[in-house]
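Given next are the chains, with one letter for each unit.
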Amino acid sequence: MPHGDKAIGVKAEDAQEFPKDLTIPKLFHQQAKRYGKDRVAMREKEFGIWRPITWQDYLDNVKYLALGLIKLGLQEGDKVAMIGDNRPEGLMAEMAALCARGVGVWLFQDCLMDEVRYIIDHSDAKFVFGEGQEEVDKTLSIIKDCPKLKKIIWDDPKGLRQYHQECLISLRDVQDLGRELEKEKPHLFEELINKGHGEEIALLFYTSGTTALPKGALLSHHNMLSMGKHLMEVDPCQDSDDYVSYLPFAWIGEQMMSISCGLQMGYTLNFPEAPETAQANIREIGPHVMFAPPRMYEQMTRTVQVKYLDATWLKRTFYQFATWVGYRVADMKFAKKPVPFYWQALHGLVYATVQKKLKDNLGMSRVRNAYTGGAAMGPDHFRFFHSLGVNLKQIYGQTEVAGISVVHRRGDIKFDTVGTPIPGTEVRINQDGEILTRSPSVFQGYYKNPEATAKTLIDGWLYSGDKGFIDDDGHLVVFDRTKDVFTLKDGRPFAPQYLETRLKFSPYIKDGWVIGDKRDYLSAVMCIDYAVVSNWADQRKLNYTSYQELSQMPEVYDLVEKQIRQANKDLPDLAKVRKFTNLYKEFDADDDELTRTRKLRRAFVEKRYKEIVDALYTQNDSVHIDTLIKYEDGRQAHIVTDMRIVSIAN
Amino acid sequence: MSTTFLPCGEYHQSYHEDHAWWQTKFIKGKMILLMLVLFGGIPYMADSYWISVCNQVGYTVLGALGVQLLIGFCGQVTLGHAAFLAVGAYTSTLLILEFPWPKFFLDLGLAYPISILAAAVVAGVWSVLFGLPSAKVKGFYLILTTMAAQFVTVDFVITQYISQIGGRGQAFSLPPGTIKIGPWVIDSDLKIYYMMLVLVILLVAAVVNLLRSRVGRAWVAIRDNDISAEVMGINVVQYKLFAFFVAGFIGGVAGAFWISNLAAISPEHFPWFWSLWLVGVILIGGVGSIHGTIFGSIFMVVVMELLQMAVIPLASSYPKLLMDFLFIKEAAFGLAICAFMVFEPNGLAYRWWQAKNYFNLWPFSY
């Protein structure tokens, strides 16, 4: 270990032994045999009911699909790409690819054509599983650029009747091929599974990357499974638990919950009816465990705040009192102080009258552990959920450790930290303040990119590129991406994310972008939440026609200023936002302003909105914009507007 | 999809569960409590007067249930439902009094139960007869043809011919002891009350079950738009006539039940006003709601009783009030309908739904 730095965690050798030859298919086979027809592996909401799929159904589907892939010519180590919503078929396709000794590659469903082309071509994918017409169209349009691609497999026939291309085949047909193959070689499926070894590559995962083209991280079976096992040692789940899978499978967090943990614990995965109904469907299921990036929790908080504003007087009063009590009790728990009995009694009272129903409303009645990770979460949001009695925990991880490496422990939650490493994981900080991780889950390298691998993976330590430190309690504090940390005028470092998450606690604000590295003061570019602010404007009878017009109204500026003043409170003078402007559009992943997991790509927006940034540091009170914006379907629109700039005095 | 408000963590894996009656533990508890109150609480607490008021409510529910089915679920407006009650009552009475029952039937107390069933079927068939015009006419014109049912049945057939059977003149009197179910002679308000409860529960359950089946969905489709219903492959005439049959059937049961409460029956027990009254009950309770039928019945009966209670102390100083009570009652009925049409056109059932929602959505408003 290099000298002079601090480390936390338990070495892999000291952690519980974990068989190296266990693979995901082997585990899947064991579990399916064990639970068989009696237990539900997955549920999908279809036509109003939660259609159950037993482990036996799951096994049969995967078996024939895997054999079908073999029949179609899948060789060991071939890549199989998948694109689509969260549906049982998606997971079956992934499992089938792994059982057939292939490697799974997931794409985000809203990927633009260029990204699809890049990933399919770069990964050398031989098969693509597309859900329906949209995915088939996307893949067909790039197939000529990807010579290695052999077949496109679809399963939703809607709109595909007139598609007669040679390369298309339906999922049912693939399974029929599998059935034929089984007649010839009845034990092939089991043989294939038994051949596997934990060190082999299971998944090729493309990281969203806030800076450059996506990089493909290679993860072995052992990486995935050891990660899941270690997390479950911290917070065990039961096989009777429910989990709702609605975040993209192309996000490592979802893989971690659905495959790494789900398969080991045998809990039931529930798939919503449609992405738009996910929130309502979560409420129906009432999952026992949740893992979502902060934006999901931010959205929930926003919904609660907006509904609160629209509630009747009596309900508002009850809510206010309950929140007040909830915050007081949560703060005592955060400070690890004993909660006096009268506070406990009061808390019990408000729990019974308000918070129980509120949790029911959010679908969190049964949540044992809720995790958030992937980006920073503001302390306000954190306190909000704890005041409700939801055990929300921060976690820290990345694709390169197959999910997560650091998590809060029950009763030891500090909202400015991400907790302590899971078993078998060591974390240390090097001289540059960079966070390094070593564990059995650290990935095998980037696909076809040895330079990047050499930079990231040194002596088994993963160099994360995140700045952080270890505090006195042995918790890891993640400051920000190294390149995103600001230097204030007085030379102190400052994480803009901290301020941005505070701004986002206001229901009116969708996104905030704080600027001010090595400048005299901080300024911000704000994106209002269209739904909430338009509702607010309607109540005040303000006229507007579009987001662009609404965002530039003086009343809206006043509203946003009020929210910024709130966020500025209790901050040192230099860390306060002094000037802001409302952007004429929301930040969007399709414009490359956000990553697919909705992280702000700071370097990019700084370049793109250079004139706004410059104007914020002059005496001007407006900035003229003349630009093109790009829609998801490729159309472009020309925008000419003037954006006001407002200063905030003390 | 299920319309029940389900708490977080309760979900359905099959349509069977999705259409179940009592889907949550809370609702089950509530219903058990209601049954305890109905079967134990009310008989224990109430005196004979209030029991008879309850019986009045039950009779109204049974009568209004058929009207609700026709108007609220099948969209066939009817203003002659009292006719089918009358057919039921007379069929049952005649069977008891005139039918040559074998001795052991009478000893076993089967005459009345069998007559109820027969009354229901006869009233159902009679109702289908007057439902036939619904194949051709709708809305306002159908109101007139159903009114014809009233006048033809009660004022003509029953008064002129049926009442003459046995040469008794206007009224059929039922000797004590003739209304007998098995070993129990129905001779007190409490016994009528229990019989009423059983009948109301059975019939409400039957109607609710019909409504969640193919038949019920067809009725609602016809109510909402008969042309699109036909386009979807529903035999509109057949389902309309079936609605008339079921409504008449329930009316027949109601009429046959009500003779247990009467010492003698005559055509005056089934005036046209009673048909109108039953429509008023579902308007106030809420059209298209089983809850509404029950709430409307309770409201109308109890309000009228309260009105009566208010009038009696005043009668000593204003004797005219008592004499004109019938007119006061009718005026109050008219006023209540007007007030509901203006202030709560969706009826009491909607208020009930709102009250439940207020707590279901707590601490928010939507």
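All values reported here derive from a predicted model rather than from experimental measurement.

Caption draft 1: Structural view of the overall build of chain A. Helix and strand counts for chain A stand at 21 helices and 30 strands. For 650 residues, the compact-globule estimate of 2.2 N^0.38 gives 26 Å, and the C-alpha radius of gyration of chain A, at 25 Å, lies within 12% of that figure. By its C-alpha atoms, chain A is 80 × 60 × 60 Å across when sized along the principal axes. The buried share among the 650 residues of chain A stands at 49%. Partitioning the contacts of chain A with sequence separation of at least 6, the portion at a separation of at least 24 is 68%.

Caption draft 2: Expanded view of the overall build of chain B. Scanning chain B for helices and strands turns up 16 helices and 4 strands. For 366 residues, the compact-globule estimate of 2.2 N^0.38 gives 21 Å, and chain B sits close to it at 21 Å. Residue burial in chain B is summarised as follows: out of 366 residues, 38% are buried. Here the contacts in chain B between residues at least 6 apart in sequence split such that 76% fall between residues at least 24 apart.

Caption draft 3: Molecular detail of unusual backbone geometry. B:Trp362 connects to B:Pro363 through a cis peptide bond whose omega is -5°. By secondary structure assignment, the location of B:Pro363 is in the segment after α16 (347-360). Positive phi outside glycine occurs at A:Phe47, with the angle close to 50°. Relative to the assigned elements, A:Phe47 resides in the loop between β2 (40-46) and β3 (49-54). On the basis of neighbour counts, which here come to 9 C-beta atoms within 10 Å, the residue A:Phe47 falls in the exposed class. One non-glycine residue with positive phi stands out, namely A:Lys541, at about 55°.

Caption draft 4: Expanded view of the packing of helix α1 (residues 24-35) of chain A against helix α9 (residues 252-265) of chain A. All names here are of chain A. For the pair α1 and α9, the least separation of the axes is 9 Å and the interaxial angle reads 35°. α1 and α9 meet at a crossing whose hand is left-handed. Residue-level contacts link Ile24, Leu27, Phe28 and Gln31 of α1 to Ile259, Leu263 and Gln264 of α9. When the residues that make up the contact of α1 with α9 are grouped by side-chain class, the tally is 5 nonpolar, 2 polar and no charged.

Caption draft 5: How the structure looks around the packing of helix α12 (residues 313-334) of chain A against helix α13 (residues 341-362) of chain A. Residues and elements named next belong to chain A. Orientation of α12 relative to α13, taken along the N-to-C sense of each, is 135°, at an axis distance of 9 Å. Considered as vectors, α12 and α13 are oriented oblique to each other. Crossing handedness for the pair α12 and α13: left-handed. On the side of α12, the interface is formed by Phe318, Tyr319, Phe321, Ala322, Val325, Gly326, Arg328 and Val329, while α13 contributes Trp343, Leu346, His347, Val350, Thr353, Val354 and Gln355. Its residues assigned to classes, the contact of α12 with α13 comprises 10 nonpolar, 4 polar and 1 charged.

Caption draft 6: Examining the confidence of the model for chain B more closely. Taken over all residues, the pLDDT of chain B has a mean of 92, while the share at 70 or more is 99%. Per-element averaging of pLDDT across chain B places helix α14 (residues 319-323) of chain B at the bottom with 80 and helix α11 (residues 236-258) of chain B at the top with 97.

Caption draft 7: Structural detail: the interface of chain B and chain A. Counting residues at the interface gives 16 residues for chain B and 25 residues for chain A. Taken together, the residues of the side of chain B that touches chain A break down into 10 nonpolar, 5 polar and 1 charged.

Cut-offs used in this document
Every chain begins its residue count from 1, and numbering advances along the sequence as written. For naming, the first written chain is A and the first written ligand is 1, with later ones following in the order written. Local features in this predicted model are restricted to residues of pLDDT 70 or higher, and side-chain atom pairs are both shown and tallied only at a pLDDT of 80 or more, whereas totals for entire chains, interfaces and linings draw on every residue. The helix count covers DSSP runs of H or I at least four residues long, the strand count covers runs of E at least two residues long, and both are numbered beginning at the N terminus. Just to be clear, the radius of gyration here is over C-alpha atoms, and the globule rule we use is 2.2 Å times residues to the power 0.38. Burial in this document is a count-based property: other C-beta atoms within 10 Å of a residue's C-beta are tallied, and the residue is buried at 20 or more, exposed at 12 or fewer, or partly exposed in between, with C-beta positions derived from the backbone. Contact criterion: two residues are in contact if their C-beta atoms, reconstructed from the backbone, are within 7 Å. The convention used is that axes are lines fitted to C-alpha atoms, helices contributing only their stretch in contact, and that angles between N-to-C directions extend from 0 to 180 degrees. Left-handed describes a crossing whose near helix is turned anticlockwise from the far helix through less than a right angle; right-handed describes the clockwise counterpart. Asp, Glu, Lys and Arg are counted as charged, while Ala, Val, Leu, Ile, Met, Phe, Trp, Tyr, Cys and Pro are counted as nonpolar; the rest, among them Gly, fall into the polar class. When describing relative orientation, an angle under 35 degrees is termed roughly parallel and one over 145 degrees roughly antiparallel, while 65 to 115 degrees is termed roughly perpendicular and anything else oblique. The predictor rates its confidence in each residue with pLDDT, a number between 0 and 100.

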